[in-house]
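# Survey of secondary and tertiary structure
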Amino acid sequence: MAKIRARGIIIKQSDYGEGHRMLSIFTEEYGIIKAVSYGVKKSKSRAAASSQFLCYGDFELYRGDNKDIMTVNSIDTADGFYPVSEDIIKLSLCVYLADITYSILGMNNPDERILHLFMNSVYALAYRNESVKKIKMVYEFKLMCAGGYMPAMHSCVACGSNEMSAFDLLKGGMVCGGCGGKYIVQMDKTMYRALDYIASCDDRKMLSFNAGEEIIERIGILTEQYISLQLDHVFQSLDYYKAMLCM
């Protein structure tokens, strides 16, 4: 067996056999990998707390004959982001953010930038006084920009005109009045400025702007529809997050 050390965060967990847990770990070095934490569900297991969703730290893993699934030997936890686990809305949002991240990256594709975007969003949910809806919509749009779906923001994506009036979710960017298709969202200046800022700003400053609750709500609908159409996928975790908002 080859021993591997990697720093990362657990973005999925599920039961695996009796007493074990399958983990999906988003690592700096290897991207998203799968690893089994054996015996972790037993009452006396010391590894139980460190094998939870959003546990971040240094993982010692073994790669055996099955190269797709590793074995967890030990986890040195740096942060568990426990304030998130104590809030069902924040927790359900993180599950959704993990799902869209997985859909963009897939397995074994290292992407340090997207990892840092994800970590910054989880940190903001745990430790910063930021709107949950704002963090959601900013991460959605920033993830799409970083993951190969950067929209055209400064001219019509279809004809190149500078007279833009709407965002075309399917064509992937701003469009003029004559080029809009079936899936368009009308834009005002405030919405446009916010989206343009998110698309172009330094990743570390992606939450450093002010927007009213109504604008955040409207952009949030746009960003979740943009992801769903571009990835051709409906995320059940998004439905669950919305259900928790309405409780």
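Structure first, text after, so check above.
Attention in this report is confined to the structure presented alongside it. For every chain, the first residue of the written sequence is number 1, and numbering continues from 1 onward in sequence order. Where local features are concerned, this predicted model is filtered to residues with pLDDT of at least 70; where side-chain atom pairs are given and counted, the filter is 80 or more; whole-chain, interface and lining totals use all residues. Only heavy atoms go into the side-chain values, all of them from the structure, while hydrogens and water stay out.

This part is about the pattern of salt bridges. Each reported salt bridge corresponds to a side-chain nitrogen of Lys or Arg within 4 Å of a carboxyl oxygen of Asp or Glu. Inspection of the entire model under this criterion finds 13 salt bridges. Note that aspartate 99 is salt-bridged to lysine 12, the shortest N-O span being 2.4 Å. Of the two residues, aspartate 99 is situated in helix α2 (residues 88-105) and lysine 12 in strand β1 (residues 2-16); the sequence distance between them amounts to 87 residues. Partly exposed residues are those whose accessible area sits between 20% and 50% of the maximum for their type, while under 20% is buried and over 50% is exposed, using a 1.4 Å probe and protein chains only. Accessibility expressed as a relative area gives 17% for aspartate 99, which makes it buried. A relative accessible area of 27% places lysine 12 in the partly exposed class. One salt bridge connects lysine 136 with glutamate 224, and the closest N-O pair in it is separated by 2.9 Å. Highlighted residues: lysine 136 in helix α4 (residues 132-146) and glutamate 224 in helix α6 (residues 213-231), separated in sequence by 88 residues. Both residues of the pair, lysine 136 and glutamate 224, count as buried. Salt bridges here are not isolated pairs; linked through shared partners, they connect Lys136, Glu140, Glu224 and Lys242. Only DSSP runs of H or I with at least four residues qualify as helices, and only runs of E with at least two residues qualify as strands; both kinds are numbered from the N terminus onward.

On to the nonpolar core. In plain words, nonpolar cores are sets of buried Ala, Val, Leu, Ile, Met, Phe, Trp, Tyr and Cys residues tied together by side-chain atoms within 4.5 Å. Of all hydrophobic cores here, the largest spans 62 residues; its most connected members are Ile9, Leu54, Phe81, Phe118, Phe141 and Phe167. Only β1, α2, α3 (112-127), α4, α5 (189-200), α6 and α7 (236-245) provide two or more residues apiece to this core. Broken down by element, this core gets its largest block of residues, ten residues, from α4. Apart from residues lying up to four places away in sequence, phenylalanine 141 is in contact with Pro151, Met153, Phe167, Leu195, Ile198, Ala199, Thr223 and Tyr226. Core analysis: the second largest hydrophobic core is formed by twelve residues, Leu23, Ile25, Cys55 and Leu61 among them. Contact definition: two residues touch when any of their heavy atoms are within 4.5 Å.

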